[in-house]
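Descriptive analysis of the structure
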Amino acid sequence: MAFLKTIFIILLVYYLFKILVKMFAPKIFGYAARKTQEHFSEKFGDFAQQGYGQAQTDQAGEVIIDKKPSRKNSSNKKVGDYIDFEEID
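Below is a summary of the structure that appears in this document. It should be emphasised that the depicted structure is a prediction, and the values quoted were computed from it without experimental measurement. (Residues numbered from 1 in each chain as written. Predicted model: local features only at pLDDT ≥ 70, side-chain atom pairs only at ≥ 80, totals over all residues. Heavy atoms only, no water.)

1. Here we look at the packing of aromatic side chains
This is how the line gets drawn: Here a Phe, Tyr or Trp ring, Trp counted by its six-membered ring, pairs with any other such ring whose centre lies within 6.5 Å, and the pair is stacked when the planes are under 30 degrees apart, edge-to-face when over 60, and tilted otherwise. In DSSP terms, a helix is any run of H or I states spanning at least four residues, a strand is any run of E spanning at least two, and both are numbered starting from the N terminus. Three labels apply to residues, based on accessible area from a 1.4 Å probe with only protein chains included: buried if under 20% of the type maximum, exposed if over 50%, partly exposed otherwise in between.
If you walk through the whole model with that rule in mind, you get two aromatic pairs. Note on Phe-40 and Phe-44: the rings are 5.9 Å apart at their centroids and 20° apart in plane angle, and the pair reads as stacked. Here Phe-40 and its partner Phe-44 are both found in helix H1 (residues 2–57), four residues apart, which amounts to about one turn of the helix. On the accessibility criterion, Phe-40 (45% relative accessible area) is partly exposed.

Here it is, written out as structure tokens:
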């Protein structure tokens, strides 16, 4: 009899857990999504506004050229000698 009682309690807890997850999972995921959106808007919100703000402050007909700093490539691309192998049957 104790075995059946234990199985009944396990099934009851399982189904109760399933019901609670169905009720609270959308709220938990919604909360996590809002927090993630706030985090990204804090980190990247001002970055996106900088690009749009710069375009508005430029005058019509003005040309701005941004150049990348030149990097001198000091590494030697030669790795080693080439060896031609032939297949032996």
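2. A closer look at the pattern of salt bridges
What counts here: Any Lys or Arg side-chain nitrogen located within 4 Å of an Asp or Glu carboxyl oxygen qualifies as a salt bridge.
Under the defined criterion, the tally for this structure stands at one salt bridge. Salt-bridge contacts for Lys-35 lead to Glu-38; the nearest nitrogen and oxygen are separated by 3.8 Å. With Lys-35 and Glu-38 both in helix H1 and three residues apart, this pair spans about one turn of that helix. The exposure class of Lys-35 is partly exposed, given its relative accessible area of 41%.

Treat this as a map of the structure, not an account of what it does.
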